[in-house]
Structure formats: C-alpha cells, structure tokens
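# Understanding the architecture of this molecule
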Amino acid sequence: MITINAGTPLLINSIPLFPSLVAGVGIAYFGWTFYKANKRVNEYRQKVQRDIINQSVKVIPQKDYYLACAGSNEDCTDEKVRKIDVDLCNFCDHNKKPLDVSLYDCYVVQGDSMKYAGINDGDILFVPKDFKLETLTTFPVILVLRYGNCHEEKAKYKVRRTWFKGSYKNLEDKAKEIIKTPKFRKLTLQSGFKGEEWMLEDLKNKRLKKYMKKYSVDGIIPKEYDEVILSTTYDTKYKEIHFSIHPISLIVGNVEECYTVDIEN
Amino acid sequence: MELMAVFIVFVVFLWETAIIFLDIKSRYPKKNFVGNIFGLNARLFFIIPIPFVLGAIYKKLDLIICFYLALFSMVWLKWEIASFANNIESYLVDIKPEIYPNNFNQ
C-alpha cells in the first residue's frame, strides 16, 4: 500500500485508488438520494403550506356585497349580503394568475335558478367595471341585470343566461334557432325542461305579451326598448325552464368569473 | 490554530445567513418562503464548507489540485447565491388564500 507523501506532485501516487473510488461513488449516491428526497419533501411542504393558507379563508373578515338574485324576487329580500372581503384573497383566473379585483364589481348569488349554468347559491360573481354593450357578441353569456322596478332594501340585481341580443320583433324565430344549438341541447336534458313547443308557446303567449304590456306606449314599443336580450332561467317556484325578455338598458355587465367560497366547515 | 480561525469564520457566516433570511422576510411581510427554500439552504450548507476543507487539505498536503477545486467550489457558491438573489420572488409565496374559478356557462 502506497502511503501519503507530502509534496508529491501527482495525486494518483498519493491517494489509494480503491477507497477513493468507493468514497466518490458513496458521496455521489448520497447526494443523488438527498436531492430526490429533498425534492419530494419540498413539494409536500408547499402543498401543506398552501392548504393551511387556503383554510384561513374561514376567518377572513367579511364585507357587504350586492346580491344578484337567481330565483324568485320574492325570495331575495335583502339588498346586500356579507361575504369574505375579496381584497384579502387571491382570486385566480383559469391560468392560476391572481385577478386584479379593483377592475371588477362583485355580486353574491342568492337562489338556484342558474344551477344549470354552473352558478350556485352563494357564489361570488366578478363583473368587469368597464363592461361595454358592444362587446356582447358571442352567446350564450351570463349577465347581471338590474331589476326594472326595485324596492328599497330588496335585491336590485338578477342573473340570467342570455342567448340573443337584438330586436324584440325577431324573438320567436330566434328562439327556434337557439333551441337547436348544441349548448341549448344540454339544457333540454335537465329537469324543468317542458319541451320545445311549450317553451316557444310560453315565449309567445306569456313573455312577449308581458314585455309589450310593460314597455309599449299606445301599442308601440318605443325605440329605447326595441333592442332586447333573450335569456333563460330556471323558475325555482314552478320548477320550469323558460325564456325571459329584458331591454338592453337593464344590463349591468357580463359575468367573467364565478367562485364558490366554502366557509361553512 | 488556522483551522480554528476558519471554523469560527464559518460559524459567523451561518449566523449572518440566518440574519439575511430574517431581513428578506421583513422585506416581504405579506409573503412567506415556499418549501424549496430549504432545499437551497441545504445545498448552500454543503457547498460552503468545501472551500474551507479543501484549503485545509491544501495546506496540510500541498496538493495543487485542492487549490483548483477550492477555486471551482467558490465560483459555484457565488453562482448559487447570485441565482438565489436574482430569483428571490420565486422562493416566496403569498399568504393570501388562493381561490380558483368555477367552470360555468358550459
């Protein structure tokens, strides 16, 4: 066995080869194992940390938001409802990037009439503050509307799924086209759908007549009420899906994002 | 005697590192460190003694290779610290709860 000599220029003559090799392999193996274990622990630690932070939503201070009625107006007896302060959370978009909540108005849903559109009781709706009517070109879209007649301390807003924007004169023909679209087909599979003919008859004999009665002057619809939106809603009282008609002046904005915040557990 | 001095410097370095982490935390009060900060910390913990150990071996055995390896390890250490400083944001996470959107209007 060659012993270590101080001052020897070449490494290979000074250090025993086999133990060095074993030590090198051992260190490399240790380093690799440590790296893998550390990586797994780090992922777990991040997950636990995120879960703990997300659980804190239960103790976040609340503030008042306008209620958006998704159901009968009689059931929505409050103008505002308390929900978690959105400024104290990161509400993320579908790319997991936090939204700038200052660009949105928030509404809290009360009622189940929009459940077939994926919006449930208690959900928070984000509506852009800079909404412009001209941007309403693709349908269906979820809209927040004002009530035509609001009473103090009652809900001022409602939610509807809108399928068409245009003149009230074209509504019957448009409704026939809408019923045949693939997205509307999904609605026909839900309970509360009473058939295409029923919906068209209801639109013609009830909804259109109600609109004419409410907005016409001497039997003629004024120009400001000529352009309307055609929406659907699930009536939670009569358990039926029907069309509804509103003038475009009642549109507040489109729902860009919807969040369910569970603080009951 | 020199080794003892080097060891003392090493302990002080660890202490300073802890202070730096506290400073970083106070600079970003609304954020917290993500888990992989400890991975970086562990790497630095193993890399930092290397120049000292190699320096000690070089002094004891007069092996020139130790000098070059010590140089390499110091460059590596500098790279690790600079990388951490330049990417400090990626090691921090918001303490706010994250809430993800529903799929609606499908």
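Parameters at a glance
- Residues numbered from 1 in each chain as written.
- Chains lettered and ligands numbered in written order.
- Predicted model: local features only at pLDDT ≥ 70, side-chain atom pairs only at ≥ 80, totals over all residues.
- Heavy atoms only, no water.
- Helix = DSSP H or I, 4+ residues; strand = E, 2+ residues; numbered from the N terminus.
- Rg over C-alpha atoms; globule rule 2.2 N^0.38 Å.
- Buried < 20%, exposed > 50% of the residue type's maximum accessible area, 1.4 Å probe, protein only.
- Contact = heavy atoms within 4.5 Å.
- Lys, Arg positive; Asp, Glu negative; His and termini not counted.
- Charge placed at Lys NZ, Arg CZ, Asp CG, Glu CD.
- Salt bridge = Lys/Arg side-chain N within 4 Å of Asp/Glu carboxyl O.
- Buried area = accessible area lost by both parts, 1.4 Å probe.

## Quick look at the overall build of chain A
- Secondary structure assignment for chain A yields four helices and eleven strands.
- On C-alpha atoms alone, chain A measures out to a radius of gyration of 31 Å, which is more than a quarter above the 18 Å that the 2.2 N^0.38 rule sets for 265 residues.
- The dimensions of chain A, computed from C-alpha atoms along their principal axes, are 115 × 40 × 35 Å.
- Looking at chain A as a whole, 42% of its 265 residues qualify as buried.
- Sequence separation of at least 24 residues holds for 64% of the intrachain contacts in chain A that already meet a minimum separation of 6.
- Of note, chain A has its 41 positive side-chain charges centred 4 Å away from the centre of its 36 negative side-chain charges.

## Some details on the pattern of salt bridges
All names here are of chain A.
- One pass over the structure, following the stated rule, counts twelve salt bridges over all chains.
- Of the charged contacts in the structure, one is a salt bridge between Asp 87 and Lys 63, with a shortest N-O distance of 3.8 Å. Within this pair, whereas Asp 87 is found in the loop between β2 (80-84) and β3 (90-91), its partner Lys 63 is found in strand β1 (residues 62-69), the two being separated by 24 residues in sequence.
- You can call Asp 87 partly exposed: its relative accessible area is 40%.
- Residue Glu 196 pairs with Arg 185 through a salt bridge whose shortest N-O separation is 3.3 Å. Taken together, the positions of Glu 196 in helix α4 (residues 196-215) and Arg 185 in helix α3 (residues 182-188) put the pair eleven residues apart, joining distant regions of the chain.

## Let's talk about the interface of chain B and chain A
- In this complex, chain B contributes 26 residues to the contact, which on the side of chain A involves 45 residues.
- Here chain B and chain A share an interface that buries about 3000 Å² over both sides, 57% of which is from carbon and sulfur atoms.
- Of all residues in chain B, the largest losses of buried area upon contact with chain A belong to B:Ile99, B:Phe104 and B:Asn105, amounting jointly to 25% of the total for that side.
- Inspection of the chain B/chain A interface yields one salt bridge.

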